[in-house]
Amino acid sequence: MVSRLIRVDDFDLVIFGATGDLARRKILPGLFRRHAAGQFPDAARIIGAARTTMSDAEFRADAAAAIAEFDPARAQAPELPAFLDRLHYVPIDATGDDGWSDLAALMRPGAIRAFYFSVAPSLFGAIAERLAGHGIADADSRIVVEKPFGRDLESARALNQTLARHFDEGQIYRIDHYLGKETVQNLMAVRFANMLFEPLWNAHYIDHVQITVAETVGVAGRGAYYDQSGAIRDMIQNHLMQLVCLIAMEPPYHFDPAAVRDEKLKVIRALEPLAAGDIVRGQYVAEGAIPGYLDDVENPASRTESFVALKLRIANWRWQGVPFYLRTGKRLRARTSEIAVVFREPPHSIFDQTGPHKPNELVIRLQPNEGMNLKVMIKEPGPGGMRLVQVPLDMSFAEALGPEGTDMPDAYERLITDVIRGNQTLFMRGDEVEAAWAWTDPIIAAWEGGTARPEPYDPGTSGPDEALGLMHRDGRRWREIKA
Ligand code: NAP
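Residues numbered from 1 in each chain as written. Predicted model: local features only at pLDDT ≥ 70, side-chain atom pairs only at ≥ 80, totals over all residues. Heavy atoms only, no water.

A few points about the overall build of the protein
Summing up its helical and strand segments, the protein has 16 helices and 15 strands in all. Overall size of the protein, expressed as C-alpha extent along the three principal axes, is 80 × 55 × 45 Å. Within the protein, buried positions represent 52% of all 483 residues. Within the protein, contacts between residues at least 6 apart in sequence are counted, and of these 76% link residues at least 24 apart. Accessible area for the protein stands at about 21,300 Å²; split by element, carbon and sulfur atoms hold 54% of it. (Helix = DSSP H or I, 4+ residues; strand = E, 2+ residues; numbered from the N terminus. Buried < 20%, exposed > 50% of the residue type's maximum accessible area, 1.4 Å probe, protein only. Contact = heavy atoms within 4.5 Å. Areas by Shrake-Rupley, 256 points an atom, 1.4 Å probe, with all protein chains shown as cover.)

So this is what it looks like as structure tokens:
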């Protein structure tokens, strides 16, 4: 199966923070893959900017080193020299006035201008102001901003207002890289390009939905940042909330940015406030040589959660009475992300089976091995009467799509290409981000105003037992966390 490749228009992409971890780990290797795929016009350029003083040649050498480190299979690719020729570098301190006129002189008239803010959010305002002040950004320019987009409603609003002073909403691309994942986009394809699921996609047929994003790593290395954030800010408010939106939203009238984002916003606005008993926070403890959370963040008094499980409800017709269970955490049993849509049982069984009748489940795996799995009941083979057994109809996208399926673009590749194309469908709109914080803020405030500590859990487990209880008391159970 060959995917069609449509070249983007000519562009100058400026990466602020080009020497940083995100640029080296994701942005530059992603851009190289799109270059190697032939997606960029010959003249397109990528301009790095940061405070470090560097020549073009040094930046190119650093980009080559980053590709060798983070995409080693392509380190010797024949397309690499031509990619490096696209790269330029301008030393700029975002908070000063030096370097901006050099950048202005580099920008070509006629090419699309995109500015990737891969720097701390505290610098977004300074960069936006100088881009506008020096006439570097024009009315068609785009800016790309990274997470975290604020740490509460107030700061997100302030950030939106700062950016809005210099850029229209149609120029602002707020990245949630989950939306760039192939399987996440596939959620919309599965729902809205098939007749099979949508008629069943409501409270009449769905019992509950569970979403798990589990990591095996701890927070060592980014403990100082994480301890100020925690799982709710770092994962629930953005990534898991976006997944909830894609599962729960009404069909947009068209697959375009305004329509899709309008429907997502309606879901967030329909979220019921969380009841105090519907959330469990956890913190991993030390085990053997593995340090605990408190060691990792070097803060023995920290009450920040490295794990959270919660039950949310969406107050609208489609989802009345259908709980959405979400959990995410560090140092868990396996690295896995999945969404399971668990259907109701048939209203009446004609079979005399005494054993368990298991409900249908549609499991959408985001990682590892992206794909879908539909669990159905069939007759157990053999002469022993009509006994039922549940079997998976398993589809690995990699297997189903052949070589193209094993070479899926990284989220950043897809998202940066969309920026150049001017397509905001997979980016968060300002009002969406604010609505997500408006729902999350009271949950965080209630916790921060109290004295309770997160429940301890051992590394390599499914999190604290209390999280299991969240579902058990509803007569349901989490799916096992396994790779
Ligand atoms: P980082 O490694 O600390 O890099 C920060 C970059 O900003 C460096 O290139 C730094 O270069 C530059 N910089 C710092 N102060 C500057 C200034 N005054 N003027 C111009 N450039 C300046 O951070 P990162 O991990 O790449 O993260 C960048 C952004 O992406 C952050 O908002 C982060 O939250 C977000 N993010 C990162 C990841 C990730 O995997 N790393 C994932 C999701 C989101 P100089 O020191 O040379 O100036």
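Remarks on the sheet that holds strand β8 (residues 279-284)
Here nine strands make up an open sheet; going across it, the order is β14-β13-β12-β11-β7-β10-β9-β8-β15 and the pairing mixed. Two strands in the sheet have a free side with no partner beyond their single neighbour: β14 (388-396) and β15 (455-457). Sheet twist, expressed as the mean angle between neighbouring strand axes with direction ignored, is 20°. Of the pairings in the sheet, the one linking strand β13 (residues 371-379) to β14 comprises nine bridges and is antiparallel in character. (Pairing = 2+ DSSP bridges. Axes fitted to C-alpha atoms, helices over the stretch in contact; angles between N-to-C directions.)

As for the pattern of salt bridges
Where charged atoms from two side chains of opposite charge come close, those side chains can pair. Under the definition given, this model contains 34 salt bridges. Each of Arg33, Arg34, Asp71, Arg74 and Glu413 takes part in one network of salt bridges that share partners. (Salt bridge = Lys/Arg side-chain N within 4 Å of Asp/Glu carboxyl O.)

What to know about the pairing of strand β9 (residues 307-312)
A large share of β9 lies buried, amounting to six of its six residues. What you see with β9 is no split at all: Phe307, Ala309 and Lys311 on one side and Val308, Leu310 and Leu312 on the other are buried throughout. Relative to β9, β8 runs antiparallel, the two sharing four bridges. Within the sheet, the bridge partner assigned to Arg281 lies in β9 and is Val308. The pairing of β9 with strand β10 (residues 324-329) spans six bridges and is classified as antiparallel. By the bridge assignment, Val308 is partnered in β10 with Thr328.

What about helix α9 (residues 230-248)?
For α9, which comprises 19 residues, the first-to-last C-alpha distance of 25 Å matches the rise-based estimate of 27 Å (1.5 Å per residue) to within 8%. When the local axis directions of α9 are compared, the greatest deviation, roughly 50°, occurs at Ile236. Of all the 19 residues making up α9, 19 are buried; the element is thus mostly covered by neighbouring parts of the structure. (Expected span 1.5 Å × (residues − 1). Bend = angle between axes of the 7 residues up to and from the residue.)

Some thoughts on the site of the ligand
In the vicinity of the ligand lie 20 residues, with Thr19, Asp21, Leu22, Arg51 and Thr52 positioned nearest. Take Gly20: an N or O atom from its main chain is 2.9 Å from an oxygen atom of the ligand. Contacts to the ligand include Val119, whose backbone N or O atom sits 2.8 Å from an oxygen atom. Here the ligand, which alone exposes 890 Å², has 73% of that area covered by the protein. In terms of residue class, the shell around the ligand is built from 10 nonpolar, five polar and five charged. (Near = heavy atom within 4 Å. Polar contact = N/O pair within 3.5 Å; in protein donor to acceptor, adjacent residues only side chain to side chain. Nonpolar A, V, L, I, M, F, W, Y, C, P; charged D, E, K, R; others polar.)

Some words on the side chain of Gln39
Within the secondary structure, Gln39 is located in the loop between α1 (21-36) and β2 (45-50). Reaching out from Gln39, the side chain makes a polar contact with the backbone oxygen of Ile6 at a distance of 3.0 Å. Polar side-chain contacts of Gln39 include one of 2.6 Å to the side chain of Arg34. Setting aside anything within four residues of it in sequence, one finds Gln39 in contact with Leu5, Ile6, Arg7, Val8, Arg34, Thr417 and Arg421.

Comments concerning the side chain of Thr336
Mapped onto the fold, Thr336 is located in strand β11 (residues 336-343). Reaching out from Thr336, the side chain makes a polar contact with the backbone oxygen of Gln367 at a distance of 3.4 Å. Once residues within four sequence positions are removed from consideration, Thr336 is found in contact with Thr212, Val213, Ala214, Gln367, Pro368, Ile481 and Lys482.

Points about the packing of aromatic side chains
Counted under the stated rule, the structure contains 14 aromatic pairs. With a centroid separation of 5.2 Å and an interplanar angle of 50°, the aromatic rings of Phe32 and Phe83 are classed as tilted. With Phe32 in helix α1 and Phe83 in helix α3 (residues 80-85), the pair connects residues that are 51 residues apart, well separated along the chain. This pair shows no difference in class: Phe32 is buried, exactly as Phe83 is. With a centroid separation of 5.0 Å and 80° between ring planes, the pair formed by Tyr173 and Phe427 is classed as edge-to-face. A residue pair is termed long-range when its members are at least 10 positions apart, and Tyr173 in strand β6 (residues 172-174) and Phe427 in the loop between α14 (411-421) and α15 (430-448) qualify at 254 residues. For the pair Tyr173 and Phe427, a shared accessibility class is recorded, and that class is buried. Members of the aromatic cluster, connected to one another through ring pairs, are Tyr226, Tyr284, Tyr293, Phe307 and Tyr457. Just above the ring of Phe149 sits the side chain of Arg174; from NZ or CZ to the centre is 5.0 Å. Against the face of Tyr178 rests Lys181, its NZ or CZ located 5.0 Å from the ring centre. (Phe/Tyr/Trp six-rings, centres within 6.5 Å; stacked < 30°, edge-to-face > 60°. Lys NZ or Arg CZ within 6 Å of the ring centre and 35° of its normal.)

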